[in-house]
Amino acid sequence: MTPTTTRLTVAQALVRFLAAQYTERDGVRQRLISATWGIFGHGNVAGLGQALVEYADDMPYHQGRNEQSMVHAAVGYARQSNRLSTHAVTTSIGPGATNLVTGAALATINHLPVLLLPGDTFATRPADPVLQQLEVPYAGDVSVNDCLRPVSRYFDRVTRPEALIPAALQAMRVLTDPVETGAVTLALPQDVQAEAYDWPEEFFAERTWVVRRPGADPTELAEAVTAIRSARRPLVIAGGGVHHSRAEEALAEFAAATGIPVASTQAGKGSLRWDHPQDVGAVGHTGTATANELARQADLVIGVGTRYTDFTTASGTLFETPGVRFLNLNIAPFDGHKLAGRPLVADARSGLAELTEALGMHGHRVADAYVTEYTEDKQRWEHRVDACYEADEIDVRPTQPQVLGALDALVDESDIIINAAGSLPGDLHKLWRARSRDQYHLEYGYSCMGYEIPAAIGVKMAAPDRNVWALVGDGTYLMMPTEIVTAVQEGVAIKMLLIQNHGYASIGGLSESVGGERFGTAYRYQSDDGTYTGAPLPVDLAANAASLGMRVLRAKTVGDLREALAQARAADTPTCVYVETETADTVSGAPPAQAWWDVPVAETATRPSAVKARELYDRHVSTRRRHL
């Protein structure tokens, strides 16, 4: 019997295929690719552009303003959707394609799925070169899209129509694999996109990709139980994998049953509510004094879904106890073996449930004295948070922690806050009181300036009934404000808290600490000596946001800020609250870093600031350990 076929272009076939892909986990089924973002040029307008018009009823389309920011929006949507649903992003060839690279790196580093569909130069080469083609003398099959290879978890260039079938199936496999997922790129030559082919109807049948929850190997589980039972001062470090697995309840049950305290990375914050008895706050360079002291004295560190970045480990200086060991519950074997740890390779929720049950059989719980110790330390830290948030006067300009305090006093567990870079991540990690599993949305794997506004759009699309706040400094805002237009056009009522501190506050502080004297980090006029130490620039970011269509509320004082935030929260249109804090060199006011971070300092210099910074650096380096 001859198989039934349908004659379509490659682009039409791809759109129809994507519309029929689903994921399923824990019995819940949903669309895998729920929409496509696109900016059209000659490399995709006649192919994917035409196909999206042809199948508009099957594949919703969103118009972006910047290719990188379209990826950020898709990533925000994917994270809010627990990696079970995402968006595709199509661009033309040339700069449209290369603009995807930063977004792709962010997605892959954070293990978040996004499908990239850049146009590519002609496969048939009727003219060579064509507009925007990169000519490589030693290779005829290279294009700018090859820049996406190292930042993609899967890459293919579809140079023949029939090659789309295996490429599309492999792309879906990677997007739905909890270990492999990240950016997936299918490069589509513009002539191939428009070429017709007789496609088997089976290609367009609905497919459901089951997202696995593997349990632990019995031997690894038994060894993990033995390690926990023998530890006197165990500490859990919860990473982003807890959220990806929806393992928050399982972690809360494990912590309550065992009494083991839980610290969190930037990606893992909110794994426990801030007021859970076992939650001890943030860990690492931007962590709390409570969590970091527990880390220094821990004899067993139980990593759950964490990659152990240098911010978490304080560049290898945090875990000081002689003989400290690591137990790593992670779905990825690569991460499970880090720090010479004992791996427990499993889904976070499955693994935690198995650990809780196995330890319960032995009635295991840490000593009461240990619980009392970290409980009292946590209370002392919360008093420090209160002091940072408190504003004795309401008619003065707020500090950055007071800005966060005003927002903290307003929101409830339904609000979501989004941030990625600058001085805010450090303050938020230390101070923010996460009230729900997904309230704290920090992109700190790539710490990409410009992520916040487009990501907020993606999150709001995934959670339309919730208040979504993009927390944006002036440096980040100037990187990528253009998607404000998209929010206005699409009626996506995000809230933006825009904080003006006249420079790169975070890097300014870092520069000062490493002997760089804040060079090139302030937004000021240039002085006669070539440094940017003149008067602040007369830039009005609030007026800029308003010119892009956003409602803007200006706040000059603490009292103004509280009123403006309340108005913004109640708004049903995109709304910005603009507030100016202290200058970049006094912006934070939060407790200083409670652990070190390795940024190498000039080994030789004549300026006293650099010489002093190198002496301090050498002292810190001497405390670094390799855990073997």
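Reading guide: rules and limits
Residues numbered from 1 in each chain as written. Predicted model: local features only at pLDDT ≥ 70, side-chain atom pairs only at ≥ 80, totals over all residues. Heavy atoms only, no water. Helix = DSSP H or I, 4+ residues; strand = E, 2+ residues; numbered from the N terminus. Polar contact = N/O pair within 3.5 Å; in protein donor to acceptor, adjacent residues only side chain to side chain. Contact = heavy atoms within 4.5 Å. Buried < 20%, exposed > 50% of the residue type's maximum accessible area, 1.4 Å probe, protein only. Pairing = 2+ DSSP bridges. Salt bridge = Lys/Arg side-chain N within 4 Å of Asp/Glu carboxyl O. Axes fitted to C-alpha atoms, helices over the stretch in contact; angles between N-to-C directions. Parallel < 35°, antiparallel > 145°, perpendicular 65-115°, else oblique. Left-handed = near helix turned anticlockwise from the far one by under 90°. Nonpolar A, V, L, I, M, F, W, Y, C, P; charged D, E, K, R; others polar.

J.: Tell me what's going on with the side chain of S85, and back it up with residues and numbers.
T.: Along the chain, S85 turns up in the loop between α3 (67–80) and β6 (86–91). A polar side-chain atom of S85 sits 2.9 Å from the main-chain carbonyl oxygen of R31. In this view, S85 contacts Q30, R31, L32, S34, Y77 and A78; residues no more than four positions away in its chain are not counted.

J.: Hey, could you go over the pairing of strand β2 (residues 21–25) for me, with residue numbers and the actual values?
T.: Judged by how many residues are buried, β2 sits mostly within the fold: four of five residues are covered. Two strands pair when backbone bridges link them, and β2 and strand β11 (residues 207–210) are joined in this way by four bridges, in the parallel orientation. Looking at β11, one finds that Q21 is bridged to R207. Counted along the chain from β2 to the antiparallel partner strand β3 (residues 28–31), the turn is two residues long, and its residue D26 has a positive phi close to 55 degrees.

J.: Outline the environment of L186, listing residues and values.
T.: Position of L186 relative to the elements: it lies in strand β9 (residues 183–189). Under the relative-accessibility criterion, L186 is labelled buried at 0%. For the pair L186 and W596, spaced 410 residues apart in sequence, the C-alpha to C-alpha distance is 41 Å. With sequence-adjacent residues up to four places away left out, L186 is seen in contact with L116, L117, P118, Y154, D156, A167, A168 and A171.

J.: Describe the pattern of salt bridges, and please don't skip the residues or the numbers.
T.: Tallying each qualifying case throughout the model produces 35 salt bridges. Note that R160 and E162 form a salt bridge whose closest N and O atoms lie 3.6 Å from each other. Residue R160 is classed as partly exposed on the basis of its relative accessible area, which comes to 40%. The partly exposed category is assigned to E162, whose relative accessible area is 35%. Two residues, D540 and R554, come together in a salt bridge whose shortest N-O distance is 2.9 Å. One end of the pair, D540, is in the loop between α21 (505–513) and α22 (541–547); the other, R554, is in strand β22 (residues 551–555), and 14 residues separate them in sequence. The exposure class assigned to R554 is partly exposed, which follows from its relative accessible area of 48%. Overlapping salt bridges, with partners in common, bring together R246, E248, R437, D438 and R466 in one network.

J.: Any chance you could break down the packing of helix α8 (residues 218–230) against helix α14 (residues 348–361) for me, citing the residues and the numbers?
T.: As a packed pair, α8 and α14 sit with axes 10 Å apart at the nearest point and diverge in direction by 60 degrees. Accordingly, the angle class assigned to the pair α8 and α14 is oblique. Our pair here, α8 against α14, has a crossing hand that is right-handed. In contact with L221, A224, V225, I228 and R229 of α8, α14 contributes E354, L355, A358 and L359. Among the residues making up the contact of α8 with α14, the classes are represented as seven nonpolar, no polar and two charged.

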